[in-house]
Amino acid sequence: MEDQIKGRLGGADGYDIRCIIDGDRITGRAGGKLHGKDIDLEITERGVQGTVGADPFKIELQDGELKGNVGSQKLTLRGVDRVTGYMGEPIVGWNVVAQQNGDQLVGQLGSTVLGRNFELSLGSAPGWVGTLVALVSFYALEPRASISR
């Protein structure tokens, strides 16, 4: 059986997330066949890089945090199984909080009113990788997340 990250972003009105973990590569799709985006990530010695849809993605480890960009948005993440961080700019952006329990990850992007929750089965991946997959899925499928400022 293949090692997978799968689950849902945004509850009933959200999107499915399905990715296959193959060594240091994570490939899959957020959303459906018609309204969805491909995810292609590679874990490197310094961080993670790849694409979500047609947008580039790159974060690197700096001072104990993962920092970089997904498309036009800045991204910062801290932690391994309890992950916190931020995507976007200080005034218009999204807080990130996620907690891993075994192979399950539960988290929230943004506020409880305007944000999106997510629940993922991680397979063998650590919580920070699942959180990253949820973030790039959110960026790819939520128009308000990918607007350039």
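Residues numbered from 1 in each chain as written. Predicted model: local features only at pLDDT ≥ 70, side-chain atom pairs only at ≥ 80, totals over all residues. Heavy atoms only, no water.

Looking now at the overall build of the protein. Helix and strand content of the protein: one helix and twelve strands. Its helices and strands taken in sequence order, the protein reads β-β-β-β-β-β-β-β-β-β-β-β-α from the N to the C terminus. The C-alpha radius of gyration of the protein comes to 14 Å, within 12% of the 15 Å expected for a compact globule of 149 residues. By residue count, 42% of the 149 residues in the protein fall in the buried class. (Helix = DSSP H or I, 4+ residues; strand = E, 2+ residues; numbered from the N terminus. Rg over C-alpha atoms; globule rule 2.2 N^0.38 Å. Buried < 20%, exposed > 50% of the residue type's maximum accessible area, 1.4 Å probe, protein only.)

Attention now moves to the pairing of strand β12 (residues 116–121). Note on strand geometry: in a regular strand, side chains alternate between the two faces of the sheet. Looking at chain direction, strand β1 (residues 3–9) and β12 are connected through four bridges and run antiparallel. Pairing of Lys6 across the sheet is with Ser121, part of β12. Sheet topology note: the strand β11 (residues 104–109)/β12 ladder contains six bridges and is antiparallel. Looking at the pairing, Val106 lines up with Glu119 of β12. (Pairing = 2+ DSSP bridges.)

Further remarks concern the environment of Trp128. Mapped onto the elements, Trp128 comes out in helix α1 (residues 127–141). Of the residues examined, Trp128 reaches a relative accessible area of 17% and is grouped as buried. Separated by 48 residues in sequence, Trp128 and Val80 place their C-alpha atoms 5.1 Å apart. Apart from the residues within four sequence positions on either side, Trp128 is in contact with Val48, Leu66, Gly79, Val80 and Val83. (Contact = heavy atoms within 4.5 Å.)

Let us now look at the sheet that holds strand β8 (residues 73–78). A barrel is described by the order of its strands in space; here twelve strands give the closed sequence β1-β2-β3-β4-β5-β6-β7-β8-β9-β10-β11-β12, paired in antiparallel fashion. With strand direction ignored, the average angle separating the axes of adjacent strands in the sheet is 15 degrees. Bridge analysis of β8 against strand β9 (residues 82–88) gives four bridges, and the strand direction is antiparallel. What sits directly across from Arg78, in β9, is Thr84. (Axes fitted to C-alpha atoms, helices over the stretch in contact; angles between N-to-C directions.)

Despite not being glycine, Asp63 has its phi angle at roughly 55 degrees, a positive value. The residue Asp63 is located in the loop between β6 (55–62) and β7 (65–70) in this model.

This part is about the side chain of Glu65. Relative to the elements of secondary structure, Glu65 occurs in strand β7. According to the relative accessible area criterion, Glu65 is buried, its value standing at 17%. Of the polar contacts made by the side chain of Glu65, one reaches the side chain of Arg78; its length is 3.2 Å. Not counting the four nearest positions on each side in its chain, Glu65 is found in contact with Glu60, Thr76, Leu77 and Arg78. (Polar contact = N/O pair within 3.5 Å; in protein donor to acceptor, adjacent residues only side chain to side chain.)

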